[in-house]
Amino acid sequence: GGALGIGALLLGLLAKAKGLLVLVKALPFAKVLLTGGTMALSVALYAWQAGFAFALGLVLMIFVHEMGHGVAMKRAGVEAGWPVFIPFFGAMIAMKGRPTHPRIEADIAYGGPLAGTGAALVAAALGLWLHSQFFLMLAYTGFFLNLFNLTPLGFLDGGRIARVLSKKASIIGAIIMGGMCLMSGSPSLVLITIMAATQAFRRDNSDLELVTAEDRKTWAVRYFGLCAFLGLAMYLTTLLTHARHF
């Protein structure tokens, strides 16, 4: 509870204290300090619950996820900020500019889970090579977090991708997130759900007129394909983790 309270406080400060962030960014090496400092804070708080090694691995996988967004932004010609970590809520990377097409926004959103899946696969490969339950658990967490991020709601990566498929995707996402909130009872998850739903149902979807039938087919394959892969990876990782002779 106390740790989640700290995370919620940091999230609120990040959302409200724009003037403070501008001031911090004006300092020498501010971007490196902001990313490095929030990474270190996340590692420290995660280590409080899961141990230092697991916390470090988790934060590194989240960093890879965010850099996937950054690379996709660069390819799309959209300026990217530096990742900022928010303990118990993940991380974010600022997009300085607005994509000119929903397809481009979807591509930027897709870059994060794709890179994050790659990082989780590296952890799984280490687990298999070293016969390590630790790395398999880390891989499972990575697969889960990236699949969670693909929930089609609001500012989550899945929300930005699935809107290309249907304007009603956010309704499905809200139902999924609502069910997860009821099952887990996590305060952070409830807060994420409220914020994501608010953003989703207030968003102007007039730009979806630019989306073609071919775009929808392409993104259906990419989106559901990655979701299915992550689900299968979670299942197989669970089997390996509980195997008696692993």
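So, here is what we can say about the structure in this document. Every value quoted in this text rests on a predicted model; they were computed, and no experiment measured them.

Parameters and conventions
- Residues numbered from 1 in each chain as written.
- Predicted model: local features only at pLDDT ≥ 70, side-chain atom pairs only at ≥ 80, totals over all residues.
- Heavy atoms only, no water.
- Helix = DSSP H or I, 4+ residues; strand = E, 2+ residues; numbered from the N terminus.
- Buried < 20%, exposed > 50% of the residue type's maximum accessible area, 1.4 Å probe, protein only.
- Contact = heavy atoms within 4.5 Å.
- Pairing = 2+ DSSP bridges.
- Axes fitted to C-alpha atoms, helices over the stretch in contact; angles between N-to-C directions.
- Parallel < 35°, antiparallel > 145°, perpendicular 65-115°, else oblique.
- Left-handed = near helix turned anticlockwise from the far one by under 90°.
- Expected span 1.5 Å × (residues − 1).
- Polar contact = N/O pair within 3.5 Å; in protein donor to acceptor, adjacent residues only side chain to side chain.
- Core = buried A, V, L, I, M, F, W, Y, C linked by side-chain atoms within 4.5 Å.
- Phe/Tyr/Trp six-rings, centres within 6.5 Å; stacked < 30°, edge-to-face > 60°.
- Lys NZ or Arg CZ within 6 Å of the ring centre and 35° of its normal.

## Some points on the overall build of the protein chain
Okay, so step 1: Broken down by element type, the protein chain carries ten helices and two strands.
Okay, so step 2: Start at the N end of the protein chain and walk to the C end: the helices and strands fall as α-α-α-α-β-β-α-α-α-α-α-α.
Okay, so step 3: Sorting the 246 residues of the protein chain into buried and exposed places 43% on the buried side.
Okay, so step 4: Of all intrachain contacts in the protein chain linking residues separated by at least 6 positions in sequence, the fraction that spans at least 24 positions is 70%.

## Side note on the pairing of strand β2 (residues 90-96)
A regular strand places its side chains so that they alternate between the two faces of the sheet.
Okay, so step 1: The sheet contact formed by strand β1 (residues 79-86) and β2 spans six bridges and is antiparallel. In the strand pairing of β2, A80 is matched with M95.
Okay, so step 2: Counted between consecutive antiparallel strands, the loop separating β1 from β2 contains three residues, among which F88 sits at a positive phi close to 70°.

## Side note on unusual backbone geometry
Trans is the common state for peptide bonds, and a negative phi is the common state for residues other than glycine.
Okay, so step 1: You will see that H131, though not glycine, has its phi angle at about 55°, which is positive.
Okay, so step 2: We classify H131 as exposed; its relative accessible area is 54%.

## A look at the environment of A162
Okay, so step 1: Along the chain, A162 falls in helix α7 (residues 157-162).
Okay, so step 2: Distance in space between the C-alpha atoms of A162 and R216 is 9.1 Å, their sequence separation being 54 residues.
Okay, so step 3: What A162 contacts, discounting residues up to four positions off in sequence, is P152, A169 and Y223.

## Some points on the packing of helix α5 (residues 102-130) against helix α10 (residues 213-241)
Okay, so step 1: Between α5 and α10, the least distance of the axes is 11 Å, while the angle of their chain directions is 20°. Between α5 and α10, the angle falls in the class roughly parallel. Remark: the crossing between α5 and α10 carries left-handed chirality. Where α5 abuts α10, its residues R103, A106, D107, Y110, P113, L114, T117, L121 and L128 lie against D215, W219, R222, Y223, L226, F229, L230 and L240.

## Some thoughts on helix α4 (residues 52-76)
An α-helical turn contains 3.6 residues, so a residue and the one three or four places further along point in the same direction.
Okay, so step 1: Between the first and last C-alpha of α4 there are 36 Å, a value that for 25 residues agrees with the 36 Å anticipated at 1.5 Å per step.
Okay, so step 2: Two residues or fewer past α4, G77 is found with a positive phi of approximately 80°.

## Regarding the side chain of T193
Okay, so step 1: Tracing the chain through its elements places T193 in helix α9 (residues 187-202).
Okay, so step 2: By relative accessible area, which is 12% here, T193 ends up buried.
Okay, so step 3: Reaching out from T193, the side chain makes a polar contact with the backbone oxygen of L189 at a distance of 2.8 Å.
Okay, so step 4: Non-local contacts of T193, meaning those with residues more than four positions away in its chain, are made with L153, M177 and C181.

## Concerning the environment of A197
Okay, so step 1: Along the chain, A197 turns up in helix α9.
Okay, so step 2: Note: C-alpha distance between A197 and G173 (24 residues apart in sequence) is 8.6 Å.

## Quick word on the environment of D157
Okay, so step 1: Relative to the assigned elements, D157 resides in helix α7.
Okay, so step 2: Sequence separation between D157 and I108 is 49 residues, and the spatial gap between their C-alpha atoms is 8.7 Å.
Okay, so step 3: In contact with D157, not counting residues within four places along its chain, are H65, H69, A109, P113 and N149.
Okay, so step 4: Side chain to side chain, D157 and H69 meet in a polar contact 3.2 Å long.

## Considering the nonpolar core
Okay, so step 1: Of all hydrophobic cores here, the largest spans 49 residues; its most connected members are Y46, F143, L150, I161 and M177.
Okay, so step 2: Excluding residues that lie within four positions of it along the chain, Y46 makes contacts with G51, A55, L58, V59, I62, I86, P87, F88, F89 and G90.
Okay, so step 3: If you look at the next biggest cluster of nonpolar residues, it comprises five residues, including A72, M73, I93 and I108.

## A short note on the packing of aromatic side chains
Okay, so step 1: Enumeration over the complete set of coordinates arrives at four aromatic pairs.
Okay, so step 2: Look at Y110 and W219: their rings are 5.4 Å apart centre to centre, the planes differ by 75°, and that puts the pair in the edge-to-face class. Taken as a pair, Y110 in helix α5 and W219 in helix α10 lie far apart in primary sequence, 109 residues in all. Judged on exposure class, the residue Y110 and its partner W219 are both buried.
Okay, so step 3: An angle of 75° between the planes, with centres 5.2 Å apart, marks the rings of F134 and F135 as edge-to-face.
Okay, so step 4: Since its relative accessible area comes to 30%, F134 is described here as partly exposed.
Okay, so step 5: An aromatic cluster is present here, built from F54, F134 and F135 joined pairwise through their rings.
Okay, so step 6: Taking the ring centre of Y110 as reference, the NZ or CZ of R222 above it sits at 4.3 Å.

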